[in-house]
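Spelled out from the first residue to the last, the chains are:
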Amino acid sequence: FRKNEEVYKDWTYNKTLSLANTNKELILKAYKCLKNGGTLVYSTCTFTKEEDEDVINYLLENTNASIIEIKQDESFYKSSINGAIRLYPFKFEGEGHFICLIKCNDVHESNVRKGNKYASRKDIEIYKEFEKENLNIKLEGYFIKMGDDLHYLKEDLFSLDRLKVLRNGLHLGTIKKDRFEPNHALALALKKEDVKRFVDYDHLSVEVNDYLKGMTLKSINQKGYVLICVNGISLGWAKDDNRILKNLYPKGLRN
């Protein structure tokens, strides 16, 4: 309200009641996604009882859910629901919230199919060849193929093949014509100790500035993929051909 006068003008009590009904539907659906013993955090940025305590009471009345008490702090205000809290902006640094932690005591049947479609043996072998040539670690787990992109999961939980997702686990890279090209996400997941070739620049160096602009860097005379680091922290890939370090920093991130 204090930030935007239009929001204040748009507010009505009937709108609050409509939002409360929507929240009741949402919290019940979210609760049914939990396994027995699982937890759910219900948090709003409103102070209306109808969207806060009334929604929690609705859940308690229609399920076997219970409240997990949030440890009190001097900046918290107690809710009328034992264990839930309210955060007011005159007491707590922030806009203000209602927060309640919920435990699932029901057993919900799931029709979600477990197990993803794994990458082929050939695709995994192509990645493993890259791993052997460029990394000091071996990934053990599940390899998922999405189009030409290879993803890695430590634990295969459930299938996402019916959903449109950007990544299923760690995006390792892309397989193109029987060769593997590592993704930027893989670089960020690695430490310099994990790779066979790296270069570590100071954050104030010219090289870091040039790299972020997409410019080439001086070769380290070690042919292959090189992990670019800044003060020990991974920044992205480059590829050394013994002449230059070809910049592989994503174009959309360049300065």
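Scoring rules and cut-offs
- Residues numbered from 1 in each chain as written.
- Predicted model: local features only at pLDDT ≥ 70, side-chain atom pairs only at ≥ 80, totals over all residues.
- Heavy atoms only, no water.
- 1 Å grid on protein atoms, 1.4 Å probe; cavity = no way out; pocket = protein on both sides within 12 Å on 5 of 7 lines; lining within 4 Å.
- Points joined across faces, edges and corners; volume = space filled by probe spheres on them.
- Helix = DSSP H or I, 4+ residues; strand = E, 2+ residues; numbered from the N terminus.
- Nonpolar A, V, L, I, M, F, W, Y, C, P; charged D, E, K, R; others polar.
- Buried < 20%, exposed > 50% of the residue type's maximum accessible area, 1.4 Å probe, protein only.
- Pairing = 2+ DSSP bridges.
- Axes fitted to C-alpha atoms, helices over the stretch in contact; angles between N-to-C directions.
- Parallel < 35°, antiparallel > 145°, perpendicular 65-115°, else oblique.
- Left-handed = near helix turned anticlockwise from the far one by under 90°.
- Contact = heavy atoms within 4.5 Å.
- Polar contact = N/O pair within 3.5 Å; in protein donor to acceptor, adjacent residues only side chain to side chain.

Colleague: Explanation requested: the layout of surface pockets in the structure shown.
Modeller: Any space left empty among the atoms is revealed by the rolling of a water-sized probe across them. Within this model, the largest pocket holds a volume of roughly 640 Å³. If you go around the largest pocket, you meet 18 residues; those closest to its centre are Phe1, Val7, Cys45, Thr46 and Phe47. Secondary structure elements with two or more residues in the lining of the largest pocket: helix H1 (5-10) and helix H2 (13-31). By residue number, the principal contributor to the lining of the largest pocket is H2, which donates three residues. Taken together, the residues of the lining of the largest pocket sort by class into seven nonpolar, five polar and six charged. Empty space within the second largest pocket amounts to approximately 370 Å³. Taken together, 16 residues form the lining of the second largest pocket, with Arg179, Phe180, Glu181, Tyr225 and Lys239 sitting closest to its centre. Only helix H4 (121-134), strand E9 (179-182) and strand E12 (224-230) provide two or more residues apiece to the lining of the second largest pocket. In terms of residue count, the dominant contributor to the lining of the second largest pocket is H4 (five residues). Grouping the amino acids of the lining of the second largest pocket by side-chain chemistry returns six nonpolar, two polar and eight charged.

Colleague: What should I look at first to understand unusual backbone geometry in this one?
Modeller: Glycine aside, residues mostly have negative phi, and peptide bonds are mostly found in the trans state. Positioned with a positive phi, Asn231 is a non-glycine residue whose angle comes to about 50 degrees. Summarising the element assignment, Asn231 is placed in the loop between E12 and strand E13 (233-240). Although it is not a glycine, Asn242 sits at a positive phi angle of roughly 75 degrees. Structurally, Asn242 is set in the loop between E13 and strand E14 (244-247).

Colleague: Explain the pairing of E14 to me, please; I cannot follow it from the model alone.
Modeller: Note on strand geometry: in a regular strand, side chains alternate between the two faces of the sheet. Residues of E14 alternate between two faces, with Leu245 and Asn247 buried on one and Ile244 and Lys246 left unburied on the opposite face. As judged from the two bridges shared by strand E11 (residues 217-218) and E14, these two strands associate in the antiparallel manner. Looking across to E14, one finds that Leu217 is bridged to Leu245. The sheet contact formed by E13 and E14 spans three bridges and is antiparallel.

Colleague: Whenever I open this one, the sheet that holds E11 confuses me. Can you help?
Modeller: The pairing of strands in a sheet happens through backbone hydrogen bonds and is either parallel or antiparallel. Read across the open sheet, the five strands follow the order E10-E12-E13-E14-E11; overall the sheet is mixed. Two strands close off the open sheet at either side, each with one partner strand: strand E10 (198-201) and E11.

Colleague: Just to check I follow, could you spell out the packing of H2 against helix H3 (residues 53-62) for this structure?
Modeller: Put simply, H2 and H3 touch, their axes get as near as 9 Å, and they point 40 degrees apart. In terms of orientation, H2 lies oblique with respect to H3. In this structure, the crossing between H2 and H3 has a hand that is right-handed. Contact residues: Ala20, Asn23, Lys24, Ile27, Leu28 and Tyr31 in H2; Asp54, Val55, Ile56, Tyr58 and Leu59 in H3. Looking at the contact of H2 with H3, its residues break down into eight nonpolar, one polar and two charged.

Colleague: Help me understand the side chain of Glu131, please; the structure alone is not making it clear to me.
Modeller: Locating Glu131 in the fold gives a position in helix H4. Looking at Glu131, its side chain comes within polar contact range of the side chain of Lys128, at 3.0 Å. In contact with Glu131, not counting residues within four places along its chain, are Ile137, Lys138 and Leu139.

Colleague: What should I look at first to understand the sheet that holds strand E8 (residues 170-176) in this one?
Modeller: The four strands lie next to each other as E6-E7-E8-E9, forming an open sheet whose pairing is antiparallel. The outermost strands of the open sheet, each flanked by one partner alone, are strand E6 (142-146) and E9. Adjacent strand axes in the sheet meet at a mean angle of 35 degrees, parallel and antiparallel pairs treated alike. Its contacts with the sheet put H4 on E6, strand E7 (149-153), E8 and E9, and the angle it makes with E9 is roughly 60 degrees.

By themselves, these observations are geometric and do not establish any function.
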